[in-house]
Amino acid sequence: MTRQCSWPLRFAAALVFLSLLPVAADAQVERAPLIGVIDVQAVLRESVAVKTLAERVEAERIAAQQTMRDREESLRQADLDLAQRRANLSTEDYRQERSSLEAEGVALQREMQAERRRLDQLFSQGMAQVQQVLQSISQEIAVERELDLILAKTTVIIVKSEFDLTQEALRRLNSRLVDVSSGTAGN
């Protein structure tokens with residue numbers, strides 16, 4: 001058998017609830033939060049610093065690939081030369097030269113991997129620097145415009161143009177950071 005609350009208990013509970021309402025209303029923000037949105041991916045894609053970084057890393061990658069191709073070709077030629085001289089070499093001399101060529105090949109592979117890692121790290125460090133400056137710019141914009149919140153556009157479906165701070169962030173980033181390697185500022 002279920003017991004129902006008597007009306008005095010319900011009345012007392014309602015009074016307690018009503019007495020809390022002014023406290024809850026006072027706790028609410030007196031104004032709606034001010035929000036801005038930045039398309040971080042677009043800023044990074046259009047940033048002069050990121051474009052410069054990507055071009056520099058790509059140029060270094062191409063130069064490194066050419067150097068490695070030249071060394072591979074040199075090893076191939078040395079291997080062909082060794083094959084032609086094999087009849088004139090003792091078994092021990094041939095094994096030593098073959099071993100030496102194989103060691104050079106392994107070393108070349110390691111150098112190629114190390115160069116790829118170096119270039120990946122260079123790009124990652126540069127991007128981290130750009131993102132750090134963009135974070136600082138976002139904070140400055142928030143303070144200047146008295147914003148309570150700045151969201152990444154990837155989290156927003158629709159945004160009015162007056163809340164979109166992407167171009168402002170991009171303009172400031174391009175004026176503050178042109179080259180991540182030296183932090184060179186623009187005009």
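Further up the page is the structure itself.
What you see is a predicted model; the values in this text were computed from it and never measured.

**A look at unusual backbone geometry**
And step 1. In the Ramachandran plot, E146 falls in the positive-phi region, its phi being about 55° despite a non-glycine side chain.
And step 2. Mapped onto the elements, E146 comes out in the loop between α4 (91-144) and β2 (149-152).
And step 3. Note on E146: relative accessible area 58%, which makes it exposed.

**Comments concerning the layout of surface pockets**
And step 1. Within this model, the largest pocket holds a volume of roughly 230 Å³.
And step 2. For the largest pocket, the lining is made up of 13 residues, of which R61, A64, Q65, M112 and R116 are closest to its centre.
And step 3. At the level of secondary structure, the elements contributing two or more residues to the lining of the largest pocket comprise α3 (48-85) and α4.
And step 4. For the lining of the largest pocket, the element with the most residues is α3, which contributes 7 residues.
And step 5. In terms of residue class, the lining of the largest pocket is built from 6 nonpolar, 1 polar and 6 charged.

**Looking at the packing of α3 against α4**
And step 1. Relative to each other, α3 and α4 sit at 175°, their axes nearing to 11 Å. By the criterion of interaxial angle, the relationship of α3 to α4 is roughly antiparallel.
And step 2. Taken together, the residues of the contact of α3 with α4 sort by class into 19 nonpolar, 3 polar and 13 charged.

**Structural notes on α3**
Count 3.6 residues to each turn of an α-helix, and residues three or four apart come out pointing the same way.
And step 1. End to end, α3 covers 55 Å across 38 residues, agreeing with the expected 56 Å (1.5 Å per residue, within 8%).
And step 2. Within the sequence span of α3, burial applies to A49, V50, L53, V57, A64, M68, L75 and L82.
And step 3. Considering only its buried residues, α3 is in contact with α2 (40-46) and α4.

**Examining α4**
And step 1. Between its terminal C-alpha atoms α4 stretches 79 Å, which fits the 80 Å expected from 54 residues at 1.5 Å a residue.
And step 2. E146 lies just past α4 and shows a positive phi near 55°.

**Here's the deal with the nonpolar core**
And step 1. In this structure, V43, V130, A169, L173 and L177 are the most contacted members of the largest nonpolar core, which totals 22 residues.
And step 2. The greatest single-element share of this core, amounting to 8 residues, is contributed by α4.
And step 3. Discounting residues that sit within four places of it in the chain, L173 has contacts with V43, S47, V130, V133, L134 and I137.
And step 4. M68, L75, L82 and M112 belong to the second-largest nonpolar core, a separate cluster that totals 7 residues.

Conventions we followed
For every chain, the first residue of the written sequence is number 1, and numbering continues from 1 onward in sequence order. With the structure being a predicted model, the display of local features is reserved for residues of pLDDT at least 70 and the display and counting of side-chain atom pairs for 80 or more, all residues being used for whole-chain, interface and lining totals. Only hydrogens and water are set aside when side-chain values are computed; all heavy atoms of the structure are taken into account. Secondary structure elements are defined from DSSP: runs of H or I of at least 4 residues count as helices, runs of E of at least 2 residues count as strands, and each element is numbered from the N terminus. Type-normalised accessible area, obtained with a 1.4 Å probe on protein chains alone, sets the label of each residue: buried when under 20%, exposed when over 50%, and partly exposed for intermediate values. A pocket, in this scheme, is an open set of points on a 1 Å grid over the protein atoms alone with protein on both sides within 12 Å along at least 5 of 7 lines, while a cavity is a set where a 1.4 Å probe fits but cannot get out; residues line either one if an atom lies within 4 Å of a point. Grid points are joined across faces, edges and corners, and a volume is the space filled by probe spheres set on the points. Residue polarity follows a fixed list, in which Ala, Val, Leu, Ile, Met, Phe, Trp, Tyr, Cys and Pro are nonpolar, Asp, Glu, Lys and Arg are charged, and the others, Gly among them, are polar. For every element, the axis is a line fit to its C-alpha atoms; helices are fit only across the contacting stretch, and the angle between N-to-C directions ranges from 0 to 180 degrees. The labels follow the angle: roughly parallel below 35 degrees, roughly antiparallel above 145, roughly perpendicular from 65 to 115, and oblique for the rest. Helix span, as expected, comes to 1.5 Å for every residue beyond the first. Contacts between residues were defined by any pair of non-hydrogen atoms, one from each residue, lying within 4.5 Å. Note on terminology: a nonpolar core comprises buried Ala, Val, Leu, Ile, Met, Phe, Trp, Tyr and Cys residues joined through side-chain atoms within 4.5 Å.

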